[in-house]
Amino acid sequence: MRRLALIALLLWPSPAAAQWPDAIGPFTVGDDAASLRLSGIAQLQLDVERPGEAELRVRRLRSIARTSFAGGLLGATAHLELAPGQAELIDLFVEARLDPALRLRVGQLKVPHTVYRQQSPTRLALVDWPVTSRWFGAERQLGVTATGALGPLGYAFGAFGGENRRAAHARELPALYGDAQRNPSRLSDLGAPEPPHLELFARLEHAHPDLDPTSQMDARGGEVRHLVAASVAWDTAPTARRDLLLRVAPELWVQAHGLSLTLVGHLALFEDATGAPRPAGMGALAELGWHAHRHVELALRLARVDLTAALRGDAARHAARLEPRDADAHAAWGAQYGDAGTLRATQEVALGVNVLVIGRSLAWRSDVAWLRVERTDGARDALRFRTQLSLAL
């Protein structure tokens, strides 16, 4: 027995060796002078919105390669979506660190609108992005950004070509008008950039030094910390029925002792058919999270978008101008433009549970949501259940 006990003691791992990992990857080759870092995201998601109607799909299958040169002063990133039937270019940019507090990026990348939208999808409090991001972004465009800090104040400024390069975020405005959505970054049918029309972005933020802005959940714990930010996007020549003229988004993050509160507001203007600026709508997002345990999180989301009568009326008048007199063509017109301008509001109330098997690298997220869509002819309610297995390297 003593010999067996001695063998078991020798084979049993020490506390340090048995410590559960917090991350998988990324994988890096090279040294400080030049390196290549490989990472990726794979997400398998099950959606159920109606009894007996379930969809199992590969939500994301992404490959990310980042190179670094000159001791980190220069770099480049290529980010691809490789899910079946969804292959597309996400990001492709070069960057330069001009100063310890100033970074410049040029290429196709996410516009710097709200701190919330700069997160990775693997760090969200719930399974996926809220309805507010589908209306107000931030989206991917071609352009340049400068990010940095001036003392305690962080900033991000951007100048972009104005074309939404993906059919993912800030994409609902064309649908309101009945127009087809474009995805010029799809690898099977890459679209050449449209003639640019300047869109300017600015974001200012002030954050507690111990608050991590890359994740809204408070995994670190500790005393009360905050982040306050304001983002503005101005399209100097918006494309009719596709682009918003002006977007304004204030933010407040509060974290303490494993609890987190994230508030994001949205206000927007658009140009109507006469070119006059009009109020488009407003959105609100509130997310409450609790990092209850190293491996368990709970989250609650309230998200709502309300559209103005001015925007709805402009969409309805556009559809009416296209209505054909030919009876044979009327059915096709109705299928495309029959709902144009009828949407009043959309909202999402969701409760989620995250099981963090290996930190954010291997996680099982689930949420159940009450969805409401309000149209001119009444409101429609639905329940949605989602569960997702996420692997991030």
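Preceding this paragraph is the structure being described.
Definitions and cut-offs
Residues numbered from 1 in each chain as written. Predicted model: local features only at pLDDT ≥ 70, side-chain atom pairs only at ≥ 80, totals over all residues. Heavy atoms only, no water. Helix = DSSP H or I, 4+ residues; strand = E, 2+ residues; numbered from the N terminus. Buried < 20%, exposed > 50% of the residue type's maximum accessible area, 1.4 Å probe, protein only. Contact = heavy atoms within 4.5 Å. Salt bridge = Lys/Arg side-chain N within 4 Å of Asp/Glu carboxyl O. Pairing = 2+ DSSP bridges. Phe/Tyr/Trp six-rings, centres within 6.5 Å; stacked < 30°, edge-to-face > 60°. Lys NZ or Arg CZ within 6 Å of the ring centre and 35° of its normal.

Participant: Help me understand the environment of Gly-40 in this model?
Facilitator: One can find Gly-40 in strand E2 (residues 34-50). Taking relative accessible area as the criterion, Gly-40 reaches 10% and is therefore assigned buried. In contact with Gly-40, not counting residues within four places along its chain, are Arg-62, Leu-391, Ala-392 and Leu-393.

Participant: Is there a simple way to explain the environment of Pro-21 in this structure?
Facilitator: Assignment of secondary structure puts Pro-21 in the loop between helix H1 (2-11) and strand E1 (27-30). Classification of Pro-21 by relative accessible area gives partly exposed; the value is 38%. Once residues lying within four places of it in the same chain are set aside, the contact partners of Pro-21 are Arg-294, Ile-358 and Gly-359.

Participant: Is there a simple way to think about the pattern of salt bridges in this case?
Facilitator: When their charged atoms lie close together, side chains carrying opposite charge are able to pair. Under the defined criterion, the tally for this structure stands at 30 salt bridges. Put simply, Glu-194 and Arg-242 hold a salt bridge, and the shortest N to O gap is 2.6 Å. Placement of Glu-194 in the loop between helix H3 (172-176) and strand E9 (199-207) and of Arg-242 in the loop between strand E10 (225-235) and strand E11 (246-256) is noted, with a sequence separation of 48 residues between them. A salt bridge links Glu-348 to Arg-301, with the nearest nitrogen and oxygen atoms 3.2 Å apart. Of this pair, Glu-348 sits in strand E15 (residues 343-358) while Arg-301 sits in strand E14 (residues 296-307); the two residues are 47 residues apart in sequence, bridging distant segments of the chain.

Participant: Would you mind showing me how to read the pairing of E10 here?
Facilitator: Side-chain direction in a regular strand flips from residue to residue, so the side chains alternate between the two faces of the sheet. By the alternation rule, side chains of E10 split into Arg-225, Leu-227, Ala-229, Ser-231, Ala-233 and Asp-235, which are all buried, and His-226, Val-228, Ala-230, Val-232 and Trp-234, of which none is buried. Sheet topology places E9 next to E10; 9 bridges connect them, and they run antiparallel. In the sheet register, Leu-200 faces E10, and the bridge partner there is Trp-234. Relative to E11, E10 runs antiparallel, the two sharing 10 bridges. Note that in E11 the partner of Ser-231 across the bridge is Ala-249.

Participant: What should I look at first to understand the packing of aromatic side chains in this one?
Facilitator: Geometry of an aromatic ring pair is reported as the spacing of the ring centres plus the angle between the planes. Scanning the model with the defined rule gives 4 aromatic pairs in all. For Arg-117, the ring lying beneath its charged end belongs to Trp-129, and the centroid distance is 4.4 Å.

Keep in mind these numbers describe shape, not what the thing actually does.
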